[in-house]
Amino acid sequence: MFQDAPPPAPARLSEIVVTGARLPAAASEAAFSVIRLDERDLGAEQRLDEALSQAPAVSLFRRTSSLSANPTTQGISLRAIAPSGAGRTLVTLDGVPLNDPFGGWVIWSQVPTGSLSGLDIVRGAGAGPYGAGALTGVIQLRERDAGWTVDGSLAEHGGARLSGSGALQVGPARIVASGLYETSDGYVPVRGANQGAADTPLDLEVRSASLRADLPVGEAVLALRASAFEEDRGSGLQGARATASGNALSATAALQPRADRMGWRLQAWRRESDLANTSVAVAADRASTTPANDQFETPATGWGVNAAARWVGVSGIGRTELEVGADARFANGETREMFRYMGGAFTRDRIAGGETAVAGLYADGSINIGSWLAAGGLRVDRWENASGRRFERDRTTGLPTLDETDPDRSGEVVSARLGIRRDLGGGHALRAAGYSGFRPATLNELHRPFRVGNDLTEANAALEPERVKGVEAGWSWTGDRASLTATAFRTRIEDAIVNVTIGSGPATFPRAGFVPAGGVLRQRRNAGTIEATGLELDGRFSLGDLGFRAALSGTDARVDGGGAAPQLTGLRPAQAPIWSATAGLDWQATDRLALAADLRWESRRFEDDLNSRVLEAGATVDLRADWALSPDATIWLAGSNLLDEDLEVSETGAGVAGFGPPRTFAVGVRVSR
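Definitions and limits used
- Residues numbered from 1 in each chain as written.
- Predicted model: local features only at pLDDT ≥ 70, side-chain atom pairs only at ≥ 80, totals over all residues.
- Heavy atoms only, no water.
- Helix = DSSP H or I, 4+ residues; strand = E, 2+ residues; numbered from the N terminus.
- Rg over C-alpha atoms; globule rule 2.2 N^0.38 Å.
- Buried < 20%, exposed > 50% of the residue type's maximum accessible area, 1.4 Å probe, protein only.
- Areas by Shrake-Rupley, 256 points an atom, 1.4 Å probe, with all protein chains shown as cover.
- Lys, Arg positive; Asp, Glu negative; His and termini not counted.
- Charge placed at Lys NZ, Arg CZ, Asp CG, Glu CD.
- Pairing = 2+ DSSP bridges.
- Axes fitted to C-alpha atoms, helices over the stretch in contact; angles between N-to-C directions.
- Patch = residues over 30% accessible without salt bridge, like charges linked within 9 Å, V, L, I, M, F, W, Y side chains within 5 Å.
- Salt bridge = Lys/Arg side-chain N within 4 Å of Asp/Glu carboxyl O.
- Phe/Tyr/Trp six-rings, centres within 6.5 Å; stacked < 30°, edge-to-face > 60°.
- Lys NZ or Arg CZ within 6 Å of the ring centre and 35° of its normal.

## Describing the overall build of the protein chain
Logical step 1: What the protein chain contains, in helices and strands, is three helices and 42 strands.
Logical step 2: Taken against the 2.2 N^0.38 rule, which gives 26 Å for 673 residues, the C-alpha radius of gyration of the protein chain at 24 Å falls within 12% of a compact globule.
Logical step 3: Here the C-alpha coordinates of the protein chain stretch approximately 80 × 55 × 50 Å along the principal axes.
Logical step 4: When each of the 673 residues of the protein chain is scored for burial, the buried share is 56%.
Logical step 5: Per element, the accessible surface of the protein chain, about 26,200 Å² overall, is 60% carbon and sulfur.
Logical step 6: Charge centroids of the protein chain, computed over 69 positive and 81 negative side chains, lie 2 Å from each other.

## So, the sheet that holds strand β25 (residues 455–458)
Logical step 1: Taken in spatial order, the four strands line up as β24-β25-β31-β28 in an open sheet, and their pairing is mixed. Edge positions in the sheet fall to β24 (450–452) and β28 (497–504), since each has one partner strand and no second. Each neighbouring strand pair of the sheet contributes to a mean axis angle of 25°, computed without reference to strand direction.

## Let's talk about a nonpolar patch on the surface
Logical step 1: A cluster of nonpolar side chains, namely L154, W627, L629, I635, L637, F665, V667 and V669, defines an oily patch on the protein surface of about 700 Å² accessible area.
Logical step 2: Sorting elements by how many residues they give to the nonpolar patch places strand β42 (residues 664–672) first, with three residues.
Logical step 3: The residue V667 is located in strand β42 in this model.

## Quick look at the packing of aromatic side chains
The geometry of an aromatic ring pair comes down to the distance between the two centres and the angle between the two planes.
Logical step 1: Applying the stated criterion across every chain, the model contains two aromatic pairs.
Logical step 2: Judged by centre distance (5.8 Å) and plane angle (20°), the ring pair of W303 and F330 falls under stacked. Placement of the pair is W303 in strand β17 (residues 300–314) and F330 in strand β18 (residues 319–342), with a sequence separation of 27 residues.
Logical step 3: Given the relative accessible area of 32%, F330 is considered partly exposed.
Logical step 4: Consider the rings of Y341 and F346, whose centres lie 5.2 Å apart with planes at 75°: the pair is edge-to-face.
Logical step 5: Judged by relative accessible area, which is 29%, Y341 ranks as partly exposed.
Logical step 6: Residue classification places F346 among the buried residues on the basis of a relative accessible area of 16%.
Logical step 7: Against the face of F489 rests R79, its NZ or CZ located 4.3 Å from the ring centre.

## A closer look at the pairing of strand β10 (residues 159–170)
Logical step 1: Of the strand pairs in this sheet, strand β9 (residues 148–155) and β10 are connected by eight bridges, and their pairing is antiparallel. Paired with T149 across the strands is S165, a residue of β10.
Logical step 2: Where β9 folds back onto β10 in an antiparallel hairpin, the turn is made up of three residues, including H157, whose phi is positive at roughly 60°.
Logical step 3: Pairing analysis gives 11 bridges linking β10 to strand β11 (residues 173–184), with the strands arranged antiparallel.

## Topic: unusual backbone geometry
Logical step 1: Here G505 and P506 are connected by a cis peptide whose omega angle stands at 5°.
Logical step 2: Of note, the phi angle at R79 is positive, near 70°, even though the residue is not glycine.
Logical step 3: Within the element layout of this structure, R79 appears in the loop between β4 (76–78) and β5 (90–93).
Logical step 4: For R79, a relative accessible area of 2% translates into the label buried.
Logical step 5: The residue S387 is not glycine, and still its phi comes out positive at about 55°.
Logical step 6: Summarising the element assignment, S387 is placed in strand β20 (residues 372–394).
Logical step 7: Relative accessible area serves as the criterion here: at 44%, S387 is assigned to the partly exposed category.

## Digging into the pairing of strand β39 (residues 633–640)
Logical step 1: Across six bridges, strand β38 (residues 618–628) lies against β39 in antiparallel orientation. Across the sheet, the residue bridging to W627 is I635, located in β39.
Logical step 2: From the end of β38 to the start of β39, which pair antiparallel, there are four residues.

## Side note on the pattern of salt bridges
Pairs can form between side chains of opposite charge once their charged atoms are near each other.
Logical step 1: Taken as a whole, this structure holds 67 salt bridges when the rule is applied.
Logical step 2: As a salt-bridge pair, E607 and R62 come within 2.9 Å of each other at their nearest N and O atoms. Taken together, the positions of E607 in the loop between β36 (605–606) and β37 (614–615) and R62 in the loop between β3 (58–60) and β4 put the pair 545 residues apart, joining distant regions of the chain. Accessibility classification places E607 together with R62 in one group, the buried group.

Pasting the structure below:
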């Protein structure tokens, strides 16, 4: 069951144990808002983003999961301050960023839930050791080091899935491997009278695999890891599809710290990705579509290095911990596409892209004296956008119609965090924290225009990094059978990157071209500030074989568009609900039978920046039954959206709503050891 993470104990290693090359969780994390999911929490869900949704206000840009979400909407954000397709949360796997080097989103299928031993969700700005991108927090994934699991299932709507992960000791080395294959015929998101011949299923085919070798090097561990993934999915409209693919390599060496020696980590990684995305214009009667854009390639490469040194000290006064380090990340990429469909053919080509870089130095530490824990971190980063270019030409004549070179831009950002925690005895604790952080714009936001249906969004190479400042206070209580946590926070995002509506169709606009009737033109802009005040409540209770869990999040976020976007002042950010809640019941009914029920509810949210398209409140109920065939094997039956609720996930300018998955049953077998 997820819970606030307790302060980690000092690391003591009496012998060399080959595990993943990672440093232990820092003691400083206990002063901040941390939710921990273990292997049991993750194993009940087939997709990682769905497992993360056990914590309220952890969501993708839209209400859909990676089962049906376009790759460009799989960015993740915390606390519902201002969800974004690029995501405002840094996601790492044993220290390596998983965010796409071009768009910032995360392709969740590249990390099957069975391949993880657990994860930590650090809410609030990262600062300290986390750096750029951790605007609303960090999700730290830990790959498994032992055991194995295989899970195969069949589901309605043509669904089939097979995943496996395991660790094997080979002499002094440990080999860890995982793999996933999934396919689905999908469902049609538009239903009822609005559905037309142009509406098609959100079909899906996914492949991913990874291989890691852990090698002892003296008392240290060297981990070499390689992974690859590929997705092919329908976009719900005739002629519209998306494919995403990529691979990653990393090398990590680490030595665990202890009182008599310094610990350290050295890491280098490289990630390649590609995206193909076709979009269409939809006829008013939804009987047909017309090609609008063919983004046939988006090659991007990201790479980075980081280093950290950690000291742990224990004295008569208390326990101290200090980590200093440096990191750097680089990315380059471009979109290659055809657009302006006329006379049965595309008439224009476009190439747009550039390079980004960010590098920083940090120090992060804590001191634990009796019942008090004080923690803090400081970062200094430099960011740079370079080599930006947008080139468009006529496909018939070959002559350029637009040729722009963007000026190189750079800057420095100082960010910090400070937290304090007091254990009051009897399981009670209080804590308070303040933090700042930043997120540079992605290559996607800087250079790639895109289209969804009849809505167009323009890029903006002049975007400044988003910056955040926040404070929070929390209380927690842990007993033998129950625990409760409560956190109140206030956050301010400055220079928030927002898709701002600047026109509506039918009309022709400079650069963007023609916008059909019912469509709008938006541009990514630094649209003033977003201020959010929120409250988070988490609780659990167990009685014998019965366990109950519940969580509630309330976030009132408002935009002040200032002079950049005055029309947004007083409105809520797009896709940001005020309330979200989860509840679950687990019952070990017999030695063999385990039952689980989960409820997820969310208040209304808005599809657009002007709050003109309303996505009504909705709830889903999921049930699952597991029957133990043996100590290692289980057969399971699951029903998602059991009440078959029509949960709105999108709405067009013409008022046509798209919905999440209908009621779906699945059956599977899981073997673990």
